[in-house]
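# Residue-level structural notes
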Amino acid sequence: MRTLLLDRRKVVGVPVQCGEYVAKNEEVRAIFPTVAELEDLMAVPYRGKRRDTDVIRLWSPGGRHWDVPFQGFTVARDAMDQGLADQAVEAGAELRTLTNCFAVRGHEVVTDHGTFEAKVIVGADGPNSRVAKSVGLPKPVTGPAMSCLVGGDFSSATDLFFGDFAPGGYAWIIPKDGCANVGLGTWQHFDGNLAHLFSAFLRKHGWSEHHGTGGHVPVLGPVERTVAPPVILAGDSAGQVMATNGGGINVAMIAGRIAGHAAADHVERGVPLEAYETKWRSAVGEPLARGARIKRLADRFFGNDWMLDVAMRMLGTRRMARAIRCQSLWLPARAVLPPNDGEPAASA
Ligand SMILES: Cc1cc2nc3c(=O)[nH]c(=O)nc-3n(C[C@H](O)[C@H](O)[C@H](O)COP(=O)(O)OP(=O)(O)OC[C@H]3O[C@@H](n4cnc5c(N)ncnc54)[C@H](O)[C@@H]3O)c2cc1C
């Protein structure tokens, strides 16, 4: 089976449009309990680890903070993406950069460097997927976000700041080695100037203007349909992002692997591509849907700093920990202890 990877970028992973935060496997297991073989899947991100971060510190608009133990690490996202592309090439795939996909017509992928015919087309082309649009698959609801690197020494905490300076979203400071990834994202209703908000946040924290890069983040979970043979969608194109924290790297890798298997099963054994929809939803669908419901609830408090402050106080550390993990906010009487959290967590 011949596999062709097309990317419009000149260099894979460049520019970086990411906070560069990856959840560790133990957290991914707590969020998506049925997903297995994470060590193998996440080998490249782990190899590119820059720094551990063991706490997510959530700041309310009023300046109060809660520490949620959460095991993550930071990466150089460009190097990580290049490592993943190298892995695919070593396994026999052919990579063609500077190749912009314009449309999909039947089994043909039309690009600025010719038309390619394929038995299966995996649209992993981000939240504004041309592949999805061509075949009439829905687009995820997104909000804009941007980030940059600032120099300095930072603690191992990942700081998330909530308030009207980041309407419907949050600003972040994610520690790396000798620097931090600082960014800001908002919700789907935002129609202002994100760069202005971002500059204001940088100035407030004592940093001068930096050139930020950004993009769009799916903010309300997956789209309703991700298969239109011969096309299947994986990653942001399918909205496979945890709505309560904006993290898409881990989920895109899980769904990407399922997409690869579904494509191979289809080509080699004639298994219908629709099997992909069932498989990825049974692996990550329920927590992602729950995360989207929690985000919709949270959206009622965003837009009013006073209400947001009260809501965060009422939730407290335990429920915020569960929200971050896309777990139900309401605890059953008998709870299970999540890893490194000392707090009870909801079963799904
Ligand atoms: C500012 C920002 C910060 C983020 N921070 C984090 C974070 O810290 N942790 C986390 O887990 N998630 C984060 N995310 C989300 C995360 O980046 C995505 O969920 C993840 O990258 C999904 O991967 P993907 O492969 O689906 O999409 P992408 O990483 O967007 O990759 C899409 C690829 O398709 C290519 N492409 C697009 N259109 C075409 C076309 N027409 N033709 C050819 N190629 C095309 C692009 O060049 C790109 O290489 C962040 C997102 C943003 C915007």
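How each quantity is defined
Residues numbered from 1 in each chain as written. Predicted model: local features only at pLDDT ≥ 70, side-chain atom pairs only at ≥ 80, totals over all residues. Heavy atoms only, no water. Pairing = 2+ DSSP bridges. Helix = DSSP H or I, 4+ residues; strand = E, 2+ residues; numbered from the N terminus. Near = heavy atom within 4 Å. Polar contact = N/O pair within 3.5 Å; in protein donor to acceptor, adjacent residues only side chain to side chain. Areas by Shrake-Rupley, 256 points an atom, 1.4 Å probe, with all protein chains shown as cover. Nonpolar A, V, L, I, M, F, W, Y, C, P; charged D, E, K, R; others polar. Salt bridge = Lys/Arg side-chain N within 4 Å of Asp/Glu carboxyl O. Buried < 20%, exposed > 50% of the residue type's maximum accessible area, 1.4 Å probe, protein only. Contact = heavy atoms within 4.5 Å.

### So, the sheet that holds strand β15 (residues 227-228)
- An order of β9-β16-β15 is seen for the three strands of this open sheet, with the pairing classed as mixed. Strand pairing shows two members of the sheet lacking a second neighbour, β9 (121-123) and β15, which therefore form its edges.
- Examined bridge by bridge, β9 and strand β16 (residues 231-233) share three bridges and lie parallel to one another. Bridged to G123 within β16 is L233.

### Considering the site of the ligand
- Taken together, 30 residues lie around the ligand, and D7, G19, Y21, R77 and D236 are the ones closest in.
- R77 places a side-chain nitrogen or oxygen 2.8 Å from an oxygen atom of the ligand.
- Between the ligand and the protein, one listed contact pairs an oxygen atom with a side-chain N or O atom of D236 at 2.6 Å.
- For the ligand, whose free accessible area comes to 990 Å², the fraction covered by protein is 86%.
- For the shell around the ligand, the secondary structure elements donating two or more residues are β10 (142-151), β14 (213-218) and α7 (249-269).
- Partitioning the shell around the ligand into residue classes produces 12 nonpolar, 10 polar and eight charged.

### Some thoughts on the pattern of salt bridges
- Per the counting criterion, the structure on display carries 15 salt bridges.
- Across the pair D67 and R57 runs a salt bridge whose closest N-O atoms are separated by 2.7 Å. Of this pair, D67 sits in strand β4 (residues 65-75) while R57 sits in strand β3 (residues 49-59), and the two are 10 residues apart along the sequence.
- One salt bridge in this structure joins R313 and D309, with 3.2 Å as the shortest N-O distance. Taken together, the residues span about one helical turn, with R313 and D309 both in helix α9 (residues 305-324) at a distance of four residues.
- Classification of R313 as partly exposed rests on a relative accessible area of 48%.
- A relative accessible area of 9% means that D309 is categorised as buried.

### Focus: the environment of A157
- Structurally, A157 can be placed in strand β11 (residues 157-161).
- Judged by relative accessible area, which is 7%, A157 ranks as buried.
- Remark: the alpha-carbon pair of A157 and R57, spanning 100 residues in sequence, is separated by 6.4 Å.
- In contact with A157, other than residues within four places in its own chain, are T53, V55, R57, I173 and P175.

### Re unusual backbone geometry
- With an omega of 0°, the peptide bond running from V14 to P15 counts as cis.
- With respect to the element layout, P15 can be found in the loop between β1 (4-6) and β2 (21-23).
- Cis geometry is found at the peptide bond from P229 to P230, where omega equals 10°.
- Structurally, P230 can be placed in the loop between β15 and β16.
- One non-glycine residue, E37, adopts positive backbone phi at about 55°.
- Assignment of secondary structure puts E37 in the loop between α1 (25-31) and α2 (38-41).
- Of note, the phi angle at C326 is positive, near 55°, even though the residue is not glycine.

So yeah, pure geometry; function would need other evidence.
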